[in-house]
Structure formats: C-alpha cells, structure tokens
Amino acid sequence: MSRELFDDVDVSGFPDDVLKDHQKYEHPLVARYATKEMSAIFSPAMKFTTWRKLWLALAAAEKDLGLDISEEQLQQMKDNLYNIDFAKADEFEAKFRHDVMGHVHAFGDVAEKAMPIIHLGATSCYVGDNTDIIQMKEALKLVQSKLVQTLGILKQFAEKHKDVPTLGFTHYQPAQLTTVGKRCTLWMQDLLMDYERVTYELENLPMRGVKGTTGTQATFLELFNGDHDKVKELNVKVCSLMGFDKWVSVSGQTYSRKIDYHALSVLSGIAQSAYKMCGDIRLLANLKEVEEPFAKNQIGSSAMAYKRNPMRSERVCSLARYVMSLPPSAANTHANQWFERTLDDSAIRRIILPEGFLAVDVILNLLVNIADGMVLWPNVVDKHVREELPFMATEVILMECVKAGGDRQVLHEAIRVHSMAAGAVVKGEGKPNDLMERIASDPLFAAVHTKLDQLVDPKLFIGRSKEQVEEFLADAVNPVLEKESEHLDKEVVDGVNV
C-alpha cells in the first residue's frame, strides 16, 4: 500500500508551477538569524547611497580646488542621494556589464546636470573600496556597542556570585575550588580583550581615499595640471567629508586586503570568546548547575518533552565555528593579490566580510540574552562541591593534626587508605562520599573531630577568588563601562529567535 501511495510522488523535487514564492534559496544567516541593525549596514540601500555620497564628496572637493563644477550640479547630486531606481541601475549594468557604471548612469538620470562630472577622475575602487571601509567602520561600532552591553550584564552576574564556591575543573575533572563569579570573569576577560581589539581597529581604520587606477593618482594630477599639492589636498578633503582622519599612505588599485584580514581576525577572536563561554555553559547545564533562559512555551526536544536544551548557547557555538573559519580566506585573498590588483578578490569579499559581521552580531545578541537570563542553581552547585570537598580538605586536616602533635607520615598513610576506601564507595557502589565519617571515627584524627565541619567549609578553599573578582571589575571592567556608558542603555533592536 505504501509503495502504491508513492508511485506518482517525486521524492527528489517538486513541480515548477507550485510554491512559486518559495523556490529561491534564502541564506539562513539573513533570513533566520541576522539583526536589522547589521543587515542595514550591509544592505543595498547603505552600499549604493554611500557610493552617491562618495561621488558628491569627490565633486565638492574638486570644485573647492578649482575644477569647473557648479553649485547647481552639486545640489542636484545632494538632492538625489537617496533617489535610487534599482531597476534602472540593473538595466544599465546589464547594458554596460559593469556595476559601477550602471549606477553612474542611474545617478545621472536623476541628476542630469551633474552627469558630466559624476565619478570624475575616479576608478571603480574609489566607490567600491571606500564603501567597504565605511561599512566595516559602522559594523565595528555596532560590535563594540554590543560587546560593552555583554560586559555590563556579565559584570552583574560576576558581582552577585563572586563568593559562591564551585568546583573548578582541569581536564574536565574536579579540581581546586573557584567561585561562580570568578569563572564568569574568565569569560569577561576574553571579551574585554576583544573590546580592546575592536577599539584599536576603529581608531586606526584608514579610508582608501582618492588614489586612482593603480594608486598613483595620475588621473587627478592630470585634472589639476600637475599640481601635486592640490591632489594631496583633494584626498584629505574627501576623507574628511566622509568622516575619516586617516587614510592609506599608499595603495595599488585597492587598499591592502590585509585590512580585511585584520577585521575578520578581530571577529574570529570574538567568536572564540563566545564559543568558550557558551561551551562552559553547555557543560554546566549538563551538571544542572546553570541554565540559560527558557521561554514558557519553548520546546527543548520534539521527542523528549522534558528536555531543556541549551539551544542559545549551541547556536552561538555553531555560528562561532563559522566565523572562526573566515580569516584564512581573507589571508589567502591578500596573499594572492598580484601586483597592483587582481579581481579574484571580489566575489569572496562580497561573501566573507558581510557574513562575518552578520554572524558576530547575532552571536553578541545571543550572549546578551543568555547572560541577562542565566539561572544559577546554588543548591546543586553546593551538592557537587560537597561531594568532592572531603578529598580537598585532607591536606588541611593533616596539617591541623600535625600541629596537635601527630606523626605526619602515619597520618598521611591513614588519609590515603581512607580516601581510597571512600572513592571505592562512590565509584563502585554509587553511594555518597563518606570520607569525613571515616576520619571522624578514626582515633588518629581525634585532634580535629570537634571541628571537622569548620575545616570543610567551602569558602576556606576558594583562595582569593572573591577579591580577584572585585579587583578585576574595579580595575579592568568599570573604566570601560564608564567610558562607554552610552552603550549600556541602548535597546537591542531585534529579539532572539529560538
């Protein structure tokens, strides 16, 4: 019966005349995850209106330096910065087989008097490369803002739990105690390093500027009749009008693609930090010590209704893994640029630059959401501490008994024997750790029998964890949060879809 039912079912496709609005691939990074804020930065609207602003800046600076360009031409360009007929631009691009010239003509159609001077002296990379830099700058600003928000929320978690003892883990085996807040500062320290790298890139990101076809500015030197000072001033004026006080000193046709590598390396660093943090949260969720936010009607598993999977943290790790894969592509692109430029950089840059920023923006939104709603279960944390603490307390017990006149070697051997026996009970029989009961009934340890409970207080084993949290927040985090305080009150435009 089932085979007959499927006789006329095409299991490998669908008819051409069905679901016509859903036959085109949608990139999940944009359709499912990306925020409106970062999507807008890399949108066609941002890209092509920036091209027009660059053409206006170039024409305005050329007029200031004496070229025959009228106020009417400039005003017409300004009035039509946002009047883009994308269909018309596509028609021109199809005709000329050139995207920049397609938009030159589309701009000239609505700013007719300016058409003769649009793109005067420029090459395609004047609008293309400078726009890429401008988009990266705006994207880095958004990333910086969300890093600050993440640090602000994690600070509250670290402060609240700075003295809550928890098991430390090395090799994912129980180790010396730390505190929940101290562990949080490890995540914060990574993100703080990322903030510093982002800030450095923002402060030092140069514009390509006005460089010409192979970077020699020869065309502009011709326009200004060999006046080198005017050509230099043209570059300064254009960069200044576009909000930059730094520009590349020399270039070929493009700015050095090492700039792309640096930007993607910073994004990779953020992805690494996020992966580390969310990896820890996933492991802690398995121990039932921590839970990420869980919506009232959220379903953890389609099969196992009881499950509360750390889906936000898993998504962070998934996207972070992708971002971490991008810098090698940028490195290979830079290394393979022959002489002044080859066009094999174009297609890959259209993909990896926007997607790197889009993915990191989603990651940071998720980190803010996770940190803001993270739940700690202190009784579970304490239970796990107390299961392991007897073994950790043996050195203190040994020292106390020696101070009371005991033989260190005899006591050490007794503790070893009791510890092995207690471990066998825990592992072999699945029973609670009974090491303290064994010590309490052994006359060799009579000197500490009345104060065993005091000697196994978890807070005696956390070292300077509490003080380290306070010092880290005061010395490293608070100065950044005070400097960037305007970001702490910003509302995240997009929610988190789970």
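As the structure is a computational prediction, the values presented were derived from the model and not from experiment. (Residues numbered from 1 in each chain as written. Predicted model: local features only at pLDDT ≥ 70, side-chain atom pairs only at ≥ 80, totals over all residues. Heavy atoms only, no water.)

**Let's talk about the overall build of the protein**
(1) Moving on: The number of helices and strands found in the protein is 21 helices and four strands.
(2) Moving on: Taken against the 2.2 N^0.38 rule, which gives 23 Å for 498 residues, the C-alpha radius of gyration of the protein at 32 Å runs more than 25% over that of a compact globule.
(3) Moving on: On the principal axes, the C-alpha backbone points of the protein span a range of 105 × 75 × 40 Å.
(4) Moving on: For the protein, the accessible area works out to roughly 26,000 Å², and carbon and sulfur atoms hold 53% of it. (Helix = DSSP H or I, 4+ residues; strand = E, 2+ residues; numbered from the N terminus. Rg over C-alpha atoms; globule rule 2.2 N^0.38 Å. Areas by Shrake-Rupley, 256 points an atom, 1.4 Å probe, with all protein chains shown as cover.)

**Remarks on the pairing of strand β2 (residues 173-179)**
(1) Moving on: Sheet topology places strand β1 (residues 165-170) next to β2; five bridges connect them, and they run antiparallel. What sits directly across from G168, in β2, is A175.
(2) Moving on: Between the antiparallel neighbours β1 and β2 lie two residues, among them H171 with a positive phi of about 60°. (Pairing = 2+ DSSP bridges.)

**Describing the pattern of salt bridges**
(1) Moving on: For the coordinates displayed, the defined rule picks out 24 salt bridges.
(2) Moving on: We note a salt bridge from K459 to D163, for which the minimum N-O separation is 3.8 Å. Taken together, the positions of K459 in the loop between α19 (452-455) and α20 (465-483) and D163 in the loop between α8 (124-160) and β1 put the pair 296 residues apart, joining distant regions of the chain.
(3) Moving on: Note that R438 and D434 form a salt bridge whose closest N and O atoms lie 3.0 Å from each other.
(4) Moving on: One continuous salt-bridge network, built from bridges that share partners, spans D129, R257, R341 and D345. (Salt bridge = Lys/Arg side-chain N within 4 Å of Asp/Glu carboxyl O.)

**Some thoughts on the confidence of the model for the protein**
(1) Moving on: Scored by pLDDT, the protein has a mean of 93; 95% of the residues are at 70 or more.
(2) Moving on: For residues 301-306, every residue scores under 50 in pLDDT, and the model assigns this stretch two contacts once sequence neighbours within four places are set aside. (pLDDT = per-residue confidence, 0-100. Contact = heavy atoms within 4.5 Å.)

**Observations regarding the packing of aromatic side chains**
(1) Moving on: Inspection of every chain in the model, using the stated rule, returns seven aromatic pairs.
(2) Moving on: Where F48 meets W51, the ring centres are 4.8 Å apart and the plane angle is 85°; that geometry is what we call edge-to-face. A residue pair is termed a helical-turn pair when its members lie 3 or 4 positions apart in one helix, as F48 and W51 do in helix α4 (residues 44-64) at three residues.
(3) Moving on: The buried category is assigned to F48, whose relative accessible area is 13%.
(4) Moving on: Note on W51: relative accessible area 2%, which makes it buried.
(5) Moving on: Each ring, one from F92 and one from F96, has its centre 6.1 Å from the other, and the planes form 5°; the classification is stacked. Pair noted here: F92 and F96 are both in helix α6 (residues 86-96), with a separation of four residues, about one helical turn.
(6) Moving on: Judged by relative accessible area, which is 33%, F96 ranks as partly exposed.
(7) Moving on: Joined through ring pairs, the aromatic side chains of F48, W51, W55, F86 and F107 make up one cluster. (Phe/Tyr/Trp six-rings, centres within 6.5 Å; stacked < 30°, edge-to-face > 60°. Buried < 20%, exposed > 50% of the residue type's maximum accessible area, 1.4 Å probe, protein only.)

**Considering helix α5 (residues 71-79)**
(1) Moving on: Here α5 has its buried residues at Q73, L74 and M77. Buried positions in α5, seen along its axis, are confined to an arc of 95° and lie on one side of it. With respect to the buried face of α5, the exposed residues turned more than 90 degrees away are E71, K78 and D79.
(2) Moving on: On the buried face of α5, the contacting elements are α4 and α7 (99-110). (Arc of directions from axis to C-beta.)

**Description of the nonpolar core**
(1) Moving on: Core analysis: the largest hydrophobic core is formed by 111 residues, its most contacted members being W55 and V143.
(2) Moving on: The element best represented in this core is α8, accounting for 16 residues.
(3) Moving on: Beyond its immediate sequence surroundings of up to four residues, W55 is in contact with M77, V100, H103, V104, F107, I118, H119, Y126 and V127. (Core = buried A, V, L, I, M, F, W, Y, C linked by side-chain atoms within 4.5 Å.)

**A look at the packing of helix α12 (residues 258-286) against helix α13 (residues 311-324)**
(1) Moving on: In contact at an axis separation of 8 Å, α12 and α13 are set at 150° when each is read in the N-to-C sense. It follows from the interaxial angle that α12 and α13 lie roughly antiparallel. With respect to the hand of their crossing, α12 and α13 are arranged in left-handed fashion. Side by side, α12 and α13 meet where L267, S268, A271, Q272, A274, Y275, C278, G279, I281 and R282 of the first sit next to S313, E314, V316, C317, A320, R321, V323 and M324 of the second.
(2) Moving on: Across the contact of α12 with α13, the residue classes break down as eleven nonpolar, four polar and three charged. (Axes fitted to C-alpha atoms, helices over the stretch in contact; angles between N-to-C directions. Parallel < 35°, antiparallel > 145°, perpendicular 65-115°, else oblique. Left-handed = near helix turned anticlockwise from the far one by under 90°. Nonpolar A, V, L, I, M, F, W, Y, C, P; charged D, E, K, R; others polar.)

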